[in-house]
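Coordinate analysis (summary)
As a plain string of letters, each chain reads:
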Number of protein chains: 2
Amino acid sequence: MEIIVQKFGGTSVANLECMQKVKEKVLKPLKEGKKVAIVLSAMAGETNRLIEMAKKWSKYPDPAEMDVLVSTGEQVSIALFTMLLKDAGIKARSLLGYQIPIRTDRDFGRARILDIDEEKLRNYFKNYDVLVVAGFQGCDCENRITTLGRGGSDTSAVALAAALKAKVCEIYTDVDGVYTTDPNICSSARRIDKIAYDEMLEMASMGAKVLQIRSVEFAKKYNVPILVRSTFKDGPGTLVTKEDPNMEAAMVSGIAYDKDQARVTLVDVYDRPGVAANIFEPIAAAGIVVDMIVQNPSRNGSTDMTFTVPRGNVEETVKILEKIKDKLGAKEILTDTNVSKVSVIGVGMRNHAGVAAIAFSALKNENINIMIISTSEIKISCLIEEKYTELAVRTLHEAFGLEKEE
Amino acid sequence: MEIIVQKFGGTSVANLECMQKVKEKVLKPLKEGKKVAIVLSAMAGETNRLIEMAKKWSKYPDPAEMDVLVSTGEQVSIALFTMLLKDAGIKARSLLGYQIPIRTDRDFGRARILDIDEEKLRNYFKNYDVLVVAGFQGCDCENRITTLGRGGSDTSAVALAAALKAKVCEIYTDVDGVYTTDPNICSSARRIDKIAYDEMLEMASMGAKVLQIRSVEFAKKYNVPILVRSTFKDGPGTLVTKEDPNMEAAMVSGIAYDKDQARVTLVDVYDRPGVAANIFEPIAAAGIVVDMIVQNPSRNGSTDMTFTVPRGNVEETVKILEKIKDKLGAKEILTDTNVSKVSVIGVGMRNHAGVAAIAFSALKNENINIMIISTSEIKISCLIEEKYTELAVRTLHEAFGLEKEE
């Protein structure tokens with residue numbers, strides 16, 4: 001018995017017409033004699049509607065009760081969709097998180113999956129050809145409802161695929177795959193046939209919001225191939241899978257960008273051990289995620305410390321720094337919110353020299369100044385003036401020949 | 001540890017302002033050192049919204065999936081209300097049907113409660129002062145969601161009260177108690193302080209829609225006193241309880257009416273054994289509830305058979321009768337939808353002669369013709385022309401002195 005896992009997002013189940021299209025996607029594997037576990041999100045807009053409601057009721061809604069509330073969104077989706085399947089004579093039933101169960105920790109609102117009862121899940125397939133599973137939700141050890149955080153339905157689907165040892169986890173969305181860059185700003189952006197987990201992680205965290213980051217981490221850990229496809233358009237999609245030798249042929253797989261960046265500079269802090277820790281510990285304690293960090297070479301025992309934070313955290317970051325400014329010897333705190341980050345991503349970089357040089361020279365040719373550079377094994381990121389974002393993305397896309405067929 | 005059970009209907013949790021009022025009701029017993037199990041319905045209109053949605057999706061929605069769908073209404077209510085309690089520093093949590101669990105049979109859409117885990121329920125009270133329970137829902141032996149039918153939250157509340165051996169089950173609604181008759185048509189209608197289960201059953205089935213009939217049956221079976229009160233107005237309410245000698249003082253407790261009646265007459269059917277069975281078996285098989293039945297004395301071996309059905313079932317009833325008409329020897333099938341039923345209800349009737357005579361003579365004085373009479377130990381019902389309904393109710397209300405204080 002071959003089981004495949006399919007996941008459909010909120011726009012794919014937004015209304016009756018959309019759900020009819022989803023039904024067609026399920027019929028295909030059924031006709032091939034396969035069984036299907038299908039994971040659904042809440043109908044587009046529903047989760048936000050519920051969250052807004054809770055905010056009216058309470059300034060700081062209780063996280064556990066919040067999960068009881070928002071998990072109704074997926075419950076509605078799976079009930080309605082199963083009705084459609086039953087009308088078509090398909091042996092189907094809906095499954096809520098606690099019914100499988102999908103066991104999670106107790107971190108309400110952003111719970112992590114601990115365990116899925118594989119045997120119980122397989123047993124359901126004895127009586128049903130399609131199991132319609134509520135995404136985004138699980139239950140803790142006391143059977144309280146938990147949710148997995150925004151985009152958590154992707155993680156639900158990958159976790160089910162891992163538990164069922166499915167050959168592939170198909171994630172249907174409103175785009176037909178992962179692109180070499182954002183097609184909205186670069187008309188020559190091209191769908192990628194195959195991308196490595198690590199590349200996808202970098203693409204996802206850079207704002208290519210096709211998949212929830214955690215779902216990719218999960219897929220990597222359990223080696224579950226993810227096929228990203230469009231609900232509304234037929235096509236091969238993008239396969240997110242483990243690195244293989246063929247992938248290394250391409251030096252660079254994609255260009256990502258992120259405009260939610262702000263630069264903060266502490267001018268003339270003492271250049272002595274512990275200074276970096278003194279700066280970043282209180283910022284981390286406030287739950288602010290620092291991205292790029294650069295420290296200039298020392299001049300006369302002092303240095304400038306520059307880093308980036310999400311724009312919404314700039315004020316709070318400055319407040320924190322004001323308190324410790326004197327202790328650090330800092331003369332000034334500078335901020336700049338007109339910045340963005342462009343990144344060149346590719347597992348092929350590991351084996352190719354000169355990727356950075358190509359990137360820097362391409363940006364130089366357009367007179368785009370680089371403020372901060374940060375690199376990893378498979379990524380080079382540059383902080384630039386925000387107004388150059390689109391130009392930089394197009395320039396880098398062209399410099400690495402990404403518009404060409406693989 | 002004294003535990004009280006409170007239930008609030010859809011209009012009581014319709015919005016934030018209403019829920020704030022409900023919160024006040026919970027605070028009172030808490031201040032007296034009691035613990036509270038509070039049962040909530042879906043917010044007014046929500047259940048209908050979900051049902052309408054399902055009807056768009058499917059002509060005959062799968063009953064099991066329908067329960068998954070509509071049970072989200074109560075889930076939303078309990079989550080939001082518990083947020084309010086937590087904000088007020090109250091140790092509270094929400095409980096869904098399967099979490100208690102409230103075990104039911106598998107008759108989706110109109111399930112019956114089989115068992116409530118009293119020990120588990122009491123254990124929850126070790127950690128919480130208020131348990132906010134989703135009304136209307138339970139779960140079957142496989143942990144699938146079931147619902148108890150319209151008004152089922154009343155039954156949930158009474159069942160919890162029975163399991164917890166609570167002294168009283170307080171049912172809050174938008175009226176301040178059970179009235180001697182409908183105040184909308186009889187200005188001298190009076191709130192009843194105390195009413196017997198059997199009387200309440202008759203009142204409820206006659207269209208005094210304060211309580212779900214099954215909840216009263218449940219309360220009678222387990223001897224749980226129900227106190228019906230208003231969420232929005234302070235007052236003593238109406239206590240629904242077992243008969244006691246004091247109740248017998250009043251001969252009649254209330255006047256009910258039901259306009260959803262239609263009369264069907266089969267003219268000149270053979271007067272022989274089995275005819276009644278031949279008529280009513282196929283009608284019952286079609287799920288049509290026959291209320292009053294009267295058979296005239298035989299004339300020359302044939303008789304007229306007259307009965308009432310809900311108005312919406314008249315056409316179907318006639319269709320069924322057309323098929324068997326010749327076999328029964330019936331000359332004609334007559335129908336009349338301009339009829340209604342008025343009923344005089346009271347456990348005191350058992351010990352008082354002459355109740356029927358008072359009723360008939362009161363109607364005669366207003367020239368209201370009685371088409372069918374049906375009686376039980378505690379009830380006298382008369383079918384009359386619909387246009388006289390209000391007049392008949394007022395006349396009977398006055399004839400039995402119901403406007404006077406008890």
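What counts as what
- Residues numbered from 1 in each chain as written.
- Chains lettered and ligands numbered in written order.
- Predicted model: local features only at pLDDT ≥ 70, side-chain atom pairs only at ≥ 80, totals over all residues.
- Heavy atoms only, no water.
- Contact = heavy atoms within 4.5 Å.
- Buried area = accessible area lost by both parts, 1.4 Å probe.
- Salt bridge = Lys/Arg side-chain N within 4 Å of Asp/Glu carboxyl O.
- UniProt positions renumbered as here; feature names shortened; annotations may be inferred.
- Helix = DSSP H or I, 4+ residues; strand = E, 2+ residues; numbered from the N terminus.
- Buried < 20%, exposed > 50% of the residue type's maximum accessible area, 1.4 Å probe, protein only.
- Polar contact = N/O pair within 3.5 Å; in protein donor to acceptor, adjacent residues only side chain to side chain.
- Phe/Tyr/Trp six-rings, centres within 6.5 Å; stacked < 30°, edge-to-face > 60°.
- Pairing = 2+ DSSP bridges.
- Axes fitted to C-alpha atoms, helices over the stretch in contact; angles between N-to-C directions.
- pLDDT = per-residue confidence, 0-100.
- Expected span 1.5 Å × (residues − 1).
- Domains from an automatic or database assignment.
- Least-squares fit on C-alpha atoms with pLDDT ≥ 70 in both.

1. Considering the interface of chain B and chain A
Facing the 41 residues of chain B at the interface are 41 residues of chain A. Between chain B and chain A the total buried area reaches about 3,400 Å² when both faces are included, carbon and sulfur atoms providing 62% of it. Among the residues chain B hides against chain A, the three largest losses belong to Trp57, Glu65 and Met83 of chain B. Together they make up 23% of the total. One can count two salt bridges joining chain B with chain A.

2. Thoughts on the UniProt feature "binding site: substrate" (unreviewed entry) in chain A
Residues and elements named next belong to chain A. Residues annotated in UniProt with the feature "binding site: substrate" (unreviewed entry) correspond here to Thr47 and Glu74. These residues run over 28 residues, yet every pair of their C-alpha atoms falls within 8.7 Å of each other. The residue Thr47 is located in helix H2 (residues 46-57) in this model. Here Thr47 falls in the buried class, since its relative accessible area comes to 14%. Apart from residues lying up to four places away in sequence, Thr47 is in contact with Ala42, Val70, Glu74 and Arg150. Considering the arrangement of structural elements, one finds Glu74 in helix H4 (residues 72-87). With near-sequence residues (within four places) excluded, Glu74 lies in contact with Leu40, Ser41, Ala42, Thr47, Ala134, Gly135, Phe136, Gln137 and Ser153. Polar contacts involving the side chain of Glu74 include one to the main-chain amide nitrogen of Ala42, which spans 3.1 Å.

3. Some thoughts on the packing of aromatic side chains
Evaluated as defined, the whole model comprises seven aromatic pairs over all chains. A ring pair is formed by Phe8 of chain A and Tyr172 of chain A, whose centres lie 4.6 Å apart and whose planes are at 10°; its orientation type is stacked. In this pair, Phe8 of chain A is assigned in strand E1 (residues 3-8) and Tyr172 of chain A in strand E9 (residues 169-173), connecting sequence segments 164 residues apart. Residue class for Phe8 of chain A comes out buried when judged on its relative accessible area of 0%. A residue is classified by how much of its surface remains accessible, and Tyr172 of chain A, at 4% relative accessible area, is buried. Centre to centre, the rings of Phe280 of chain B and Phe307 of chain B are 5.0 Å apart; their planes meet at 75°, and the pair counts as edge-to-face.

4. What about the UniProt feature "binding site: ATP" (unreviewed entry) in chain A?
Residues and elements named next belong to chain A. In the numbering adopted here, UniProt assigns the feature "binding site: ATP" (unreviewed entry) to Lys7, Phe8, Gly9, Gly10, Thr173, Asp174, Tyr179, Lys209 and Val210. Along the chain, Gly9 turns up in the loop between E1 and helix H1 (16-31). Under the relative-accessibility criterion, Gly9 is labelled buried at 9%. One can find Gly10 in the loop between E1 and H1. Setting aside chain neighbours within four positions, we find Gly10 in contact with Ser41, Ala42, Met43 and Ala44.

5. Structural notes on the side chain of Thr147 of chain A
Residues and elements named next belong to chain A. Note that Thr147 resides in strand E8 (residues 145-147). A relative accessible area of 2% means that Thr147 is categorised as buried. In this structure the side chain of Thr147 is engaged in a polar contact, spanning 2.8 Å, whose partner is the side chain of Asp67. The contacts of Thr147, once residues within four sequence positions are left out, are Asp67, Val70, Ser71, Asp107, Gly109, Arg110, Ala111, Phe136 and Gln137.

6. Regarding the sheet that holds strand E14 (residues 293-295) of chain B
Residue and element names in this part refer to chain B. Reading across the sheet, the six strands line up as E14-E15-E13-E16-E18-E17 and stay open at both edges, with antiparallel pairing between neighbours. Only two strands of the sheet have a single partner each, and these edge strands are E14 and strand E17 (372-376). On average, each strand axis in the sheet is inclined to that of its neighbour by 25°, with strand direction left out of account. Packed on one face of the sheet, helix H12 (residues 389-399) meets strand E13 (254-270), strand E16 (332-345) and strand E18 (379-385) and runs near 120° to E13.

7. Some thoughts on the confidence of the model for chain A
For chain A, the average pLDDT comes to 92, and 98% of its residues sit at 70 or higher. Model confidence for the complex: the whole-complex pTM is 0.85, and ipTM, which rates the interface, is 0.83.

8. Some thoughts on helix H6 (residues 152-163) of chain B
Residue and element names in this part refer to chain B. Taking 1.5 Å per residue, twelve residues should reach 16 Å; H6 reaches 16 Å between its end C-alpha atoms and fits that length. When you tally the buried positions in H6, you get twelve out of twelve residues, the bulk of the element. All of the buried residues in H6 are Gly152, Ser153, Asp154, Thr155, Ser156, Ala157, Val158, Ala159, Leu160, Ala161, Ala162 and Ala163. Lys165 sits one or two positions beyond H6 and adopts a positive phi of about 50°.

9. Notes on the domain arrangement of chain A
Once the domains are mapped, chain A shows domain 1 (3-174) and domain 2 (255-399). Each of domain 1 of chain A and domain 2 of chain A was reduced to a C-alpha centroid, and the two centroids are 38 Å apart.

10. A look at the pairing of strand E17 (residues 372-376) of chain A
Residues and elements named next belong to chain A. Here E17 pairs with strand E18 (residues 379-385) via five bridges, running antiparallel. Bridge assignment links Ile372 to a residue of E18, and that residue is Leu383. The antiparallel pairing of E17 with E18 creates a hairpin that spans two residues between the two strands.

11. Structural notes on the relation of the copies chain B and chain A
Between the two copies, chain B and chain A, the superposition gives an RMSD of 0.1 Å; the rotation angle is 180° and the shift along the axis is 0.0 Å. Those values place the two copies in the arrangement expected of a two-fold rotation axis. Residue Thr72 of chain B, judged by its C-alpha, is the member of chain B lying nearest the rotation axis, at 2.8 Å.

12. With respect to unusual backbone geometry
Residue and element names in this part refer to chain A. Residue Ile100 is joined to Pro101 through a cis peptide bond whose omega torsion reads -20°. Phi is positive for Lys165, close to 50°, though the residue is something other than glycine. Its location among the elements puts Lys165 in the loop between helix H6 (152-163) and E9.

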